[in-house]
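Close look at the chain arrangement
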Amino acid sequence: MASKEELKAAIHAAFDATVPDGAAYTKVYASDMKQRNYIVFRSTTIYNYAVGFRPGSTDLVILPVDEDKGRITAGTPVTITDANRGAVKKRDLQGRFVVSVSDGPRFRLTVIPSVPKIAAGFYQLPVDQKEEFAAFQAVRELICA
């Protein structure tokens, strides 16, 4: 498995390559886990994201990413601005930040300052992002104000 620094750099590079002017954004790794309970088994689906923002602004760019052996593949970015933002929750019951597009998808984002390697065995990509986490918290406060 790739190191924490290599994964973080790969996530940032995927964002920069996919999003116009991507290098101008501060980026943070986020994840979401959805579980479904069936009679016979339980299904767990993990979603990984690179979230771009500019400190002091309330615009977000959410880029779905997939990881395979340290290689990051980017999906289609979703830009959320004041004009198209739908419902927002600072924290849901699982502690996730919830933000949606008024006529589109809803994202439940778990953002933590450091994802330990042990959690990577469960679902999250191991990254250290203490400075980015602090900047994201400030933007989240602006959005939820």
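Cut-off values and rules
Residues numbered from 1 in each chain as written. Predicted model: local features only at pLDDT ≥ 70, side-chain atom pairs only at ≥ 80, totals over all residues. Heavy atoms only, no water. Helix = DSSP H or I, 4+ residues; strand = E, 2+ residues; numbered from the N terminus. Salt bridge = Lys/Arg side-chain N within 4 Å of Asp/Glu carboxyl O. Buried < 20%, exposed > 50% of the residue type's maximum accessible area, 1.4 Å probe, protein only. Polar contact = N/O pair within 3.5 Å; in protein donor to acceptor, adjacent residues only side chain to side chain. Contact = heavy atoms within 4.5 Å. Core = buried A, V, L, I, M, F, W, Y, C linked by side-chain atoms within 4.5 Å. pLDDT = per-residue confidence, 0-100. Phe/Tyr/Trp six-rings, centres within 6.5 Å; stacked < 30°, edge-to-face > 60°. Lys NZ or Arg CZ within 6 Å of the ring centre and 35° of its normal.

So, about unusual backbone geometry. Backbone geometry places D21, a non-glycine residue, at a positive phi of 60°. Among the secondary structure elements, D21 is positioned in the loop between α1 (4-18) and β1 (26-37).

If you walk through the whole model with that rule in mind, you get 9 salt bridges. Between D128 and K4 there is a salt bridge, and its shortest N-O distance comes to 3.4 Å. Within this pair, whereas D128 is found in the loop between α2 (117-120) and α3 (130-144), its partner K4 is found in helix α1, the two being separated by 124 residues in sequence. A relative accessible area of 28% places D128 in the partly exposed class.

With that settled, the discussion passes to the side chain of D32. The residue D32 is located in strand β1 in this model. A distance of 3.1 Å separates polar atoms of two side chains, one belonging to D32 and the other to R96. Among residues more than four places away in sequence, those in contact with D32 are T45, I46, Y47, Y49, R96 and R108.

Let us now look at the nonpolar core. Counting residues in hydrophobic clusters, the biggest one holds 19 residues, and the most contacted among them are V51, L60, I62, V99, F107, L109 and F136. Within the residue set of this core, elements represented by two or more residues are β1, β2 (42-53), β3 (60-68), β5 (78-80), β7 (97-101), β8 (106-109) and α3. Counting residues per element, this core draws most heavily on α3, at 4 residues. Every residue in contact with F107, bar those within four places of it in the chain, is listed here: Y49, I62, V78, I80, F97, V98 and V99. Counting residues in hydrophobic clusters, the runner-up holds 16 residues, among them A2, F15, A50 and V127.

Here the focus is the confidence of the model for the protein chain. Mean pLDDT over the protein chain: 87, with 94% of residues reaching 70 or higher. Within the protein chain, β5 carries the highest mean pLDDT (95), whereas α2 carries the lowest (59).

Considering the arrangement of structural elements, one finds A74 in strand β4 (residues 71-74). Overall, A74 belongs to the partly exposed group, its relative accessible area being 31%. Considering only alpha carbons, one finds A74 and N37, 37 residues apart in sequence, at a separation of 29 Å. Sequence-distant contacts of A74, that is, excluding residues within four places in its chain, are made with A14, T18, L63, P64 and V65.

As a further point, take the packing of aromatic side chains. Geometry of an aromatic ring pair is reported as the spacing of the ring centres plus the angle between the planes. Using the criterion set out here, one finds 4 aromatic pairs in the structure. Between F15 and Y25, the aromatic rings sit 5.6 Å apart at their centres with planes inclined by 70°, giving edge-to-face as the arrangement. Of this pair, F15 sits in helix α1 while Y25 is found in the loop between α1 and β1, placing the two residues 10 residues apart along the sequence. Grouping aromatic residues by their ring pairs yields a cluster made of F53, F97 and F136. Directly above the aromatic system of Y47 lies the positively charged group of K34, at a separation of 5.0 Å from the ring centroid. Lying across the ring of Y25, R54 places its NZ or CZ 4.1 Å from the centre.

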